[in-house]
Structures are given as C-alpha cells and as structure tokens.
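Secondary and tertiary structure notes
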Amino acid sequence: MSLLETNKPFLVNPLRLPALPTLLLFSSSIETNSDLTHLVFDSWIEVQSLPMNQTDVELCVRTGIRIRTSWTRLLDYQLKKENSRDVGLLEAALTTDLVLFMSPLSSATHFGYSLKRLLPADMKTIYRGRSSMDSELEDMGSNPFVSDYQMSRDETLGGVRVAPYLVYDCLADGGSLALFSCPGCNLDLQLTTLEKLQHLQHCAPESDSPEDNTAASQLIQGDHKNSSSYFCDICNKGYPHFNSVAILKHKKSHSSIVMPS
C-alpha cells in the first residue's frame, strides 16, 4: 500500500445537478441584465439564454431567489431554536420547492441556455458601471424579489442591488424591454423585468406566507387516506386531516411553550 502525497484538492462523491438551479441557489454573487437573459455567477461563470426564453428564465431566477430567502429564514429559526407550526410549514414548503426546482423535468428550468467560463479580459467589459441615469432614479419603489430587503444602487457595478447576493441590471448588454399585458389593469406596457414585477406586485400582490402553500400543508398534514381528525387541547383547535407524524410534530411545536400555573 502506498500513500499519495499531494497539495492538490480532490472532489469525492460528486453529484450531478442541473447547472442553472445550482448556481442560483449556491453562488455568492449573481449579476444580471435588465431582462434576466444574461447572468454572471461569482464573477467567472456566465449563463445566457435566448430572448424567447425570457419568461422561463425569469421564473427560474425568481424561484431560486424565493427558495434562498425561505432557506435563510428557516436557518434563522433553527439558530434561534424556534419551534412552531409556521416553522414546520416553512420547512415542508422548502423541501417541496427544492425537489421540484432541482428536477430536470421542472418547468422552471426546462429551457435552453449556454454556459461559459469568463476570462479576466471578459470581466473588464462585462459590467456597465454606474451612470448619471442611475443618480436620477432615486425612488426605486418596492422590492419584488426579496420583499424585506431595501433596494439600493450599486456604486461599483451599476444597477440595483435587490438582495445581498444579487445585483440587477448591471451587465453591459443591458437587455431589452418586453411588451407586457397586465391581467389586473388590462394595460399593455413596455417594461423591464423589475418594472413589470413591481407593477404586478401592485396590481395582484402575491402572498409568500407559508400557511398559503397548499403543498406544504399537505406534507404536514399527510395523506388524507391515512389520516384522521385531531383536536389540540392547547391551541383549542381541530385539524381534520392529521396522520400520526403530523400529530407528533404538532405536539412538539407546543413543547417550548410554558403554560401558566
């Protein structure tokens, strides 16, 4: 038996995963153009899709951001050792979203895109930088990507920082405006992706509350065929479809609550 001595790192037990969802979930920094068809991850991987796939890539990026936000929120709950029904619903929703998002058959990632390694020469011209137009647009409105994050202008790359890891519309190619027909107000508008999402947020606000996720509720409550009604004496509420696992999880959610004597 011989011992191999080397300073080079080795990857063991690699797992094959779809490129774009993995990059969206685990990259430390993400930069995009205005229509999200051009993305740069960690300043060395470039992903480009065709303009005809703008709706698909927009859905993919938004899903990745939503999963990262839920993941961070769940991690905060775990670090604070919070244990409640909301945490269970959030965990179930996150599990479902991750499985669907990473699936090769997922509609959110079932479109063509190119993958390229960026060289130092590419990095010199890929960002547009801050312009005088950015200074004129101070009122950026609400953040449709991460609702509790305050958007700000990026002084170095240009564009808008919409998440701690994501800078929107900072790439030099700029992207393009898209014709958008709003189902809420029946208007036809030429908007960027950010403007479109802000408009949709105003016309038809979406709820990201874990209680509104029916898939998560089904995971928590279990299959109706193997469930029964359960009444909790602590919260004085009945649940029509709880299996044994769901009952144990619900009882555990009350374990940290100190009842008054």
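All of the points below concern the structure found in this document. Bear in mind the structure is a predicted one, so any value in this text is a computation, not a measurement. (Residues numbered from 1 in each chain as written. Predicted model: local features only at pLDDT ≥ 70, side-chain atom pairs only at ≥ 80, totals over all residues. Heavy atoms only, no water.)

Here the focus is the packing of helix H2 (residues 54-79) against helix H3 (residues 85-102). Relative orientation of the contacting elements H2 and H3 amounts to 145°, with a least axis distance of 10 Å. As H2 runs across H3, the sense of the crossing is left-handed. Of H3, the residues touching H2 (which contributes Cys-60, Thr-63, Gly-64, Arg-66, Ile-67, Ser-70, Trp-71, Arg-73, Leu-74, Tyr-77 and Gln-78) are Val-87, Leu-90, Glu-91, Leu-94, Asp-97, Leu-98 and Phe-101. Partitioning the contact of H2 with H3 into residue classes produces ten nonpolar, four polar and four charged. (Axes fitted to C-alpha atoms, helices over the stretch in contact; angles between N-to-C directions. Helix = DSSP H or I, 4+ residues; strand = E, 2+ residues; numbered from the N terminus. Left-handed = near helix turned anticlockwise from the far one by under 90°. Contact = heavy atoms within 4.5 Å. Nonpolar A, V, L, I, M, F, W, Y, C, P; charged D, E, K, R; others polar.)

Turning to the pairing of strand S8 (residues 178-181), a few remarks are in order. Bridging between S8 and strand S9 (residues 188-191) involves four bridges; their strand directions are antiparallel. Counted as the bridge partner of Ala-178 is Leu-191 from S9. If you look at the hairpin formed by S8 and S9, you'll find six residues sitting between the two strands, and Asn-186 has a positive phi there, around 60°. (Pairing = 2+ DSSP bridges.)

This next bit is on the pairing of strand S3 (residues 45-49). Among the five residues in S3, four count as buried, and that is most of the element. Pairing geometry for strand S2 (residues 38-41) and S3, over four bridges, is antiparallel. Each residue of the ladder has a partner; that of Leu-39, found in S3, is Val-47. Linking two consecutive strands that pair antiparallel, namely S2 and S3, is a turn of three residues; a positive phi of about 55° is found at Asp-42 within it. Where S3 meets strand S4 (residues 113-117), five bridges bridge the pair, whose relative direction is antiparallel. Paired with Gln-48 across the strands is Ser-114, a residue of S4. (Buried < 20%, exposed > 50% of the residue type's maximum accessible area, 1.4 Å probe, protein only.)

Let's shift gears to the side chain of Arg-68. Within the element layout of this structure, Arg-68 appears in helix H2. At 7.4 Å, Asp-42 is the nearest oppositely charged side chain to Arg-68, a buried residue that forms no salt bridge. Reaching out from Arg-68, the side chain makes a polar contact with the backbone oxygen of Ser-27 at a distance of 2.9 Å. Residues in contact with Arg-68, not counting those within four places in the same chain, are Leu-24, Leu-25, Phe-26, Ser-27, Ile-30 and Tyr-165. (Lys, Arg positive; Asp, Glu negative; His and termini not counted. Salt bridge = Lys/Arg side-chain N within 4 Å of Asp/Glu carboxyl O. Polar contact = N/O pair within 3.5 Å; in protein donor to acceptor, adjacent residues only side chain to side chain.)

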